[in-house]
Amino acid sequence: MTSGGHALVAEQTSARSGLRVRGVVQGVGFRPFVYRLARQYGMSGFVRNDSGGVWIEIEGRHAILAEFPDLLRRQAPAAAVIQAIESFPLPLKFDGNFSVIESAATPGNRARIPCDLATCSYCLQELFDPMNRRYLYPFINCTACGPRFSIVRDTPYDRARTTMDAFSLCAACLDEYQSPADRRFHAEPNACAVCGPRLQFVSSRPEENTPLSDSTNREALARAVALLQKGLIVAIKGLGGFHLAVDATNDVAVRRLRDRKQRPHKPFAVMARDAIMASTIAEVGESEARLLTSVQRPIVLLPARKSALPNSIAPASDEIGVMLPYTPLHHLLLDALPLLVMTSGNRADEPIVIDNDVAIEQLSGIADAFLLHDREIHARVDDSVTRVANGTRRMLRRSRGFVPDPIELQLPVRHAAERQGQPFPSDNEDNVPSAGPTPSILAVGAELKNTLCITRGSEAFLSQHIGDLESPESLEFFKETTTRLSRLLSVTPAVVAHDLHPDYASTRWALASGLRRIPVQHHHAHIASCLAENGRSERVIGVAFDGTGCGPAGELWGGEFLLADARNSERVGHLRPLGLIGGTAAIREPWRLAVAALDDAGEETDILRDIDPYRREMVLSMSRKGIRTVRSTSAGRWFDAVAALCAVREEITYEAQAAIELEALASRDDVEPYSFTLTEDAVFEVDLRPAIREIVGDLRAGLATAIISSRFHQTMASLISAGAVAARSRGGPAIIALSGGCFQNRLLSERARTLLERDGFEVLQHRHVPANDGGIALGQAFVAAHLLASETGYDAS
């Protein structure tokens, strides 16, 4: 047969396709995986990164070509997340082999940046192998692990667009980087002790800064370890910022850190060498163990084992925040000291520090020494914080390891099917005419625990934890994150969604932005965030229990029963308002709330024996005369008031401290709730005065405060169930969404869910974003997207 005949046979038995793969497919070893898979099946073509994700041109037998998308999905690297694979027929090229080619920047960026990934088992084995050329090298990584989001400047994700562009690869590392068969093929942070980042040790005492005698990173590490073993404080530059570290078993060291950081009570997180070591200080169940050892490596709140660590780690708490090492440097440190306190390296109310010089300037009054490195951190990223409730992960702070993974929004979509000539059902009210491409929405979140959110089509990208916007530094971090996230997503937001509260820094920024504004009420945003992450948009009964949020007319809300969907919200019930005597002073001094609750219930204030009588009378007089007293329906303030009644906490030093310690105090026994009533009004009120009277009676009778706390938690769970039933009788559905900071309380969350399910409700709760204000931006974006859709149509392409 002639060569032309061979070509004809090949053409009849082969085909070529272009595959567009979208999702988290850059920086996770996807291209070498595709290369190996294609070679395994004798296919030709190429794979490359571009602004849309990964583009594959593949040619070979029809049967393999048809199966290839499924092979990609089934065998993809663990860290990859395939959102979609689109296939396009292409003419044959007869290229003869399969290759990996250079990345290309293409219009319409849809690429996703991967999250920072914990050190994989292969790199960990090499790290402690004396025969390996990366033995004890603190920056070892491969395509399955290492820094990603924290070092990326732009997309597509290539070394030249990361902070690793400052380091030129040595011959050995370059060979790995260029070899498709190597697991470090295009591992963008690839490095070794010859060519990569290095450690530096700096003492807070200049006279102790003698030059290092070696260039292998080991002496710097040894000096830091020696100081930690002596009970001193070392500031350690990590993946997304600095930690302040001390030996967790050294009570004097922990107390010294508390004193210097001016953090008297808030619990510290502890990094344990491994899961076995973690189980010596906390009770680790199966769900908790999976979370601890996951590639995200979050802090996990666990029941503490008494006397396993000094009480100074987490005073007045029955839980301890535990995490495992997630960088090679952590593994090296923990190999020497198996338990380290690792708390954020920052000053109070300021963002975590990421720059070496800034760290030395700002943290010298806290740290005795610094373990630095010369790899620039482009995006500061705090540790994520989680817990397990009802066997499910609950997010308390969503940051490192989870950001920038997007959340897919359920939005009205019409145009994709129309382009293919497939009409949508006419009975879907969400199918409205299109007015062009979807505008990107920037949602700026709340004042406390701030995050922001940017939408790109149906994807919502929630930023890392920014924090409380009360300092100029935090506000600057907020602005920096807005710019950076927009650039990485290649979008220019046209609309800004914001809270109603006029004094939030985020609201002021939105007002001055010049963008079209969509205000979203705080508690509607809470419920909408729960809907969004659960893939729902229909009408639900929403229970939004938190500290404080601004109502539509400027009232202080926080204990709300709503009928809400992705567009609208209607208040159908609330808790009885409680007086905040002295305004914000009542939040810092919960005994003021106790005075208000006692007076409202007709009880004497002498039950507050530890409070000076003169101060009690002065505050009581202010309340009765309405002097500097505002009323709030806040559920969080009721927890604070009862904590003060039980003498758990009369003044706080960190947010929600009183409520947290009240939960820690509660017995887990089955108890009866205290009494409460619901009014019959169209907008019902839940009256807790009967509960306060009964609590006072129990206190005077000497009942254990652990039982009182447990009964109060049961009361709050019961009134949630009763309020849900009342809302259902007012036309609400049998679906309920729970959101707001109070639902970080595991005891409340678990008991409320049990009662609601007993009453026939489907219960939606948070799993992927925080129930607290860290999820507000997602809710704002979701509401704004649906409001825009109802006006102009929607195109999620």
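Look up: the structure comes first, before these words.
Residues numbered from 1 in each chain as written. Predicted model: local features only at pLDDT ≥ 70, side-chain atom pairs only at ≥ 80, totals over all residues. Heavy atoms only, no water.

1. Some points on the overall build of the protein chain
Put simply, the rule reads: Counting from the N terminus, the helices are the DSSP runs of H or I reaching at least four residues and the strands are the DSSP runs of E reaching at least two. Values of the radius of gyration come from C-alpha atoms, whereas the globule rule sets the reference at 2.2 Å times the count of residues to the power 0.38. For the exposure calls, accessible area comes from a 1.4 Å probe over protein chains only, and a residue counts as buried if that area is under 20% of its type's maximum, exposed if over 50%, partly exposed in between. Residue contacts follow a heavy-atom distance rule, with two residues in contact if any of their heavy atoms lie within 4.5 Å.
Secondary structure assignment for the protein chain yields 24 helices and 30 strands. A compact globule built from 797 residues should have a C-alpha radius of gyration of about 28 Å, and the protein chain, at 28 Å, falls within 12% of that. With the C-alpha coordinates of the protein chain rotated into their principal frame, the extents come out at 105 × 75 × 50 Å. Taking all 797 residues of the protein chain together, the buried fraction comes to 60%. Within the protein chain, residue pairs in contact and separated by at least 24 positions form 72% of the contacts whose partners lie at least 6 positions apart.

2. Thoughts on the packing of helix H19 (residues 635-645) against helix H22 (residues 705-729)
As a reminder, the rule being used: Whenever a helix is involved, its axis is fitted only over the stretch in contact; in every case the axis is a line through C-alpha atoms, and angles between N-to-C directions fall within 0 to 180 degrees. Oblique is the label for any angle not covered by the other classes, which are roughly parallel (under 35 degrees), roughly antiparallel (over 145) and roughly perpendicular (65 to 115). We call a crossing left-handed when the near helix sits turned anticlockwise from the far one by less than a right angle, and right-handed when that turn is clockwise. Ten residues, namely Ala, Val, Leu, Ile, Met, Phe, Trp, Tyr, Cys and Pro, are considered nonpolar, four, namely Asp, Glu, Lys and Arg, are considered charged, and the remaining ones, Gly among them, are considered polar.
Where H19 contacts H22, the axes come no closer than 11 Å and their chain directions differ by 160°. The orientation of H19 relative to H22 falls into the category roughly antiparallel. As H19 runs across H22, the sense of the crossing is right-handed. Contact residues: Ala635, Trp638, Phe639 and Val642 in H19; Phe712, His713 and Met716 in H22. Tallied by class, the residues present in the contact of H19 with H22 amount to six nonpolar, one polar and no charged.

3. Some points on the environment of leucine 556
Among the secondary structure elements, leucine 556 is positioned in strand E23 (residues 556-564). Using a relative accessible area of 23% as the deciding quantity, one classes leucine 556 as partly exposed. As for leucine 556 and arginine 631, which are separated by 75 residues in sequence, their C-alpha atoms are 6.9 Å apart. Apart from residues lying up to four places away in sequence, leucine 556 is in contact with Thr548, Gly549, Leu580, Val630, Arg631, Ser632 and Thr633.

4. Points about the state of the cysteines
Between two cysteines, a covalent bond joining their sulfur atoms is known as a disulfide. Put simply, the rule reads: We call a pair of cysteine sulfur atoms a disulfide whenever their separation is within 2.5 Å.
Counting across every chain of the model gives zero disulfides. With no disulfide of its own, cysteine 145 has cysteine 123 as its nearest cysteine by sulfur position, at a separation of 3.7 Å. Cysteine cysteine 530 shares no disulfide, and the gap to the nearest cysteine sulfur, in cysteine 742, comes to 15 Å. Here cysteine 530 falls in the buried class, since its relative accessible area comes to 0%.

5. What about the pattern of salt bridges?
Pairs can form between side chains of opposite charge whenever their charged atoms are close. Let me state the cut-off plainly: Basic side-chain nitrogens of Lys or Arg form a salt bridge, by our definition, when they fall within 4 Å of a carboxyl oxygen of Asp or Glu.
With the rule as written, the count across this model stands at 42 salt bridges. In this structure, aspartate 95 engages arginine 16 in a salt bridge whose closest nitrogen and oxygen atoms are separated by 3.0 Å. With aspartate 95 in the loop between strand E4 (81-90) and strand E5 (98-100) and arginine 16 in strand E1 (residues 14-24), this residue pair connects regions lying 79 residues apart in the sequence. Among the residues examined, aspartate 95 registers a relative accessible area of 31% and is labelled partly exposed.

6. Looking at the packing of aromatic side chains
What counts, and what does not: Aromatic contacts are taken between Phe, Tyr and Trp rings whose centres are within 6.5 Å, Trp giving its six-membered ring; a plane angle under 30 degrees counts as stacked, one over 60 as edge-to-face, and the others as tilted. Here, a charge over a ring means that NZ of Lys or CZ of Arg falls within 6 Å of the ring centre while also lying within 35 degrees of the ring normal.
The final tally for this structure, using the stated rule, is eight aromatic pairs. When the centroid spacing of 5.6 Å and the interplanar angle of 65° are considered together, the rings of tyrosine 137 and phenylalanine 139 count as edge-to-face. Ring geometry for phenylalanine 561 and phenylalanine 684: centres 5.3 Å apart, planes at 50°, overall tilted. In this pair, phenylalanine 561 sits in strand E23 while phenylalanine 684 sits in strand E28 (residues 684-687), placing the two residues 123 residues apart along the sequence. Take phenylalanine 684: its relative accessible area is 0%, and that puts it in the buried class. Taken together, the ring pairs connect Phe545, Phe561, Phe684 and Phe743 into an aromatic cluster. The cationic tip of arginine 258 hangs over the ring face of phenylalanine 268; the distance from NZ or CZ to the ring centre is 4.1 Å. Taking NZ or CZ as reference, arginine 484 lies 4.7 Å from the ring centre of phenylalanine 149, over its face.

7. Looking at the sheet that holds strand E14 (residues 385-389)
Adjacent strands of a sheet form backbone hydrogen bonds with each other and so pair up, either parallel or antiparallel. Put simply, the test is: In this scheme, strands are said to pair when DSSP sees at least two bridges between them.
The mixed open sheet is built from ten strands, whose spatial order is E6-E13-E7-E8-E12-E9-E11-E10-E14-E15. Every interior strand has two partners, whereas the edge strands, strand E6 (199-203) and strand E15 (392-397), have only one. With strand direction ignored, the average angle separating the axes of adjacent strands in the sheet is 35°. Relative to the sheet, helix H10 (residues 328-336) contacts E6, strand E7 (234-237), strand E8 (242-247), strand E9 (269-272), strand E12 (339-344) and strand E13 (369-373), its axis offset from that of E12 by approximately 140°.

8. A word on the pairing of strand E29 (residues 735-739)
Counted only if it meets this: The handedness rule is simple: strands pointing away from the viewer, and a clockwise path from the first strand over the helix to the second, make the crossover right-handed.
Within E29, five of the five residues are buried, which leaves the element mostly enclosed by the surrounding structure. Looking at chain direction, E29 and strand E30 (residues 762-764) are connected through three bridges and run parallel. Note on E30: the bridge partner recorded for isoleucine 735 is glutamate 762. In terms of handedness, the path from E29 via helix H23 (residues 746-758) over to E30 forms a crossover that is right-handed.

9. What to know about H19
Spelled out, the test is: Within 3.5 Å is the distance limit for a polar contact, defined as a pair of N or O atoms, with the added protein rule that one can donate a hydrogen and the other accept it, and that residues adjacent in sequence qualify only through two side-chain atoms.
Most of H19 sits inside the fold, with eleven of its eleven residues counted as buried. Listed as buried for H19 are Ala635, Gly636, Arg637, Trp638, Phe639, Asp640, Ala641, Val642, Ala643, Ala644 and Leu645. One side-chain oxygen of the residue at the start of H19 lies 3.2 Å from the amide nitrogen of glycine 636, identifying that residue as serine 634.

10. Comments concerning the nonpolar core
Inclusion rule: Buried residues of nine kinds, namely Ala, Val, Leu, Ile, Met, Phe, Trp, Tyr and Cys, make up a nonpolar core once their side-chain atoms join them within 4.5 Å.
Ranked by internal contacts, the top residues of the largest apolar core, which has 68 residues, are Phe545, Leu645, Ile692, Met716, Leu719, Ile720 and Ile736. The element that contributes the greatest number of residues to this core is H22, accounting for nine residues. Leave out the neighbours within four places in its chain, and isoleucine 720 touches Val543, Phe545, Phe561, Leu738, Phe743, Leu748, Ala752 and Leu756. Among the nonpolar cores identified, the runner-up in size contains 42 residues, and Ala118, Ala224, Leu239 and Tyr326 belong to it.

11. Points about the pairing of E7
Taking every second residue as pointing to the same face, both faces of E7 are buried, with Val234 and Ile236 on one and Ala235 and Lys237 on the other. Where E7 and E8 come together, four bridges link them in antiparallel fashion. Considered in E8, the bridge of isoleucine 236 is made with histidine 243. Counting the residues between successive antiparallel strands, the hairpin from E7 to E8 contains four residues, one of them, glycine 241, with a positive phi of roughly 160°. In the sheet, E7 pairs with E13 via three bridges, with the strands oriented parallel. Pairing of valine 234 across the sheet is with alanine 369, part of E13.

12. Some thoughts on the sheet that holds E5
The mixed open sheet is built from five strands, whose spatial order is E4-E1-E3-E2-E5. The open sheet is flanked by E4 and E5, the only strands paired with a single partner. Ignoring strand direction, the axes of neighbouring strands in this sheet form an average angle of 20°. The sheet contact formed by strand E2 (residues 44-50) and E5 spans three bridges and is parallel. Bridge pairing links glycine 45 to phenylalanine 98 in E5. Relative to E5, helix H2 (residues 30-40) is tilted by about 170°, and along the sheet it contacts E1, E2, strand E3 (53-61), E4 and E5. Helix H3 (residues 62-75) contacts E1, E3 and E4 of the sheet and is inclined by roughly 10° relative to E1.

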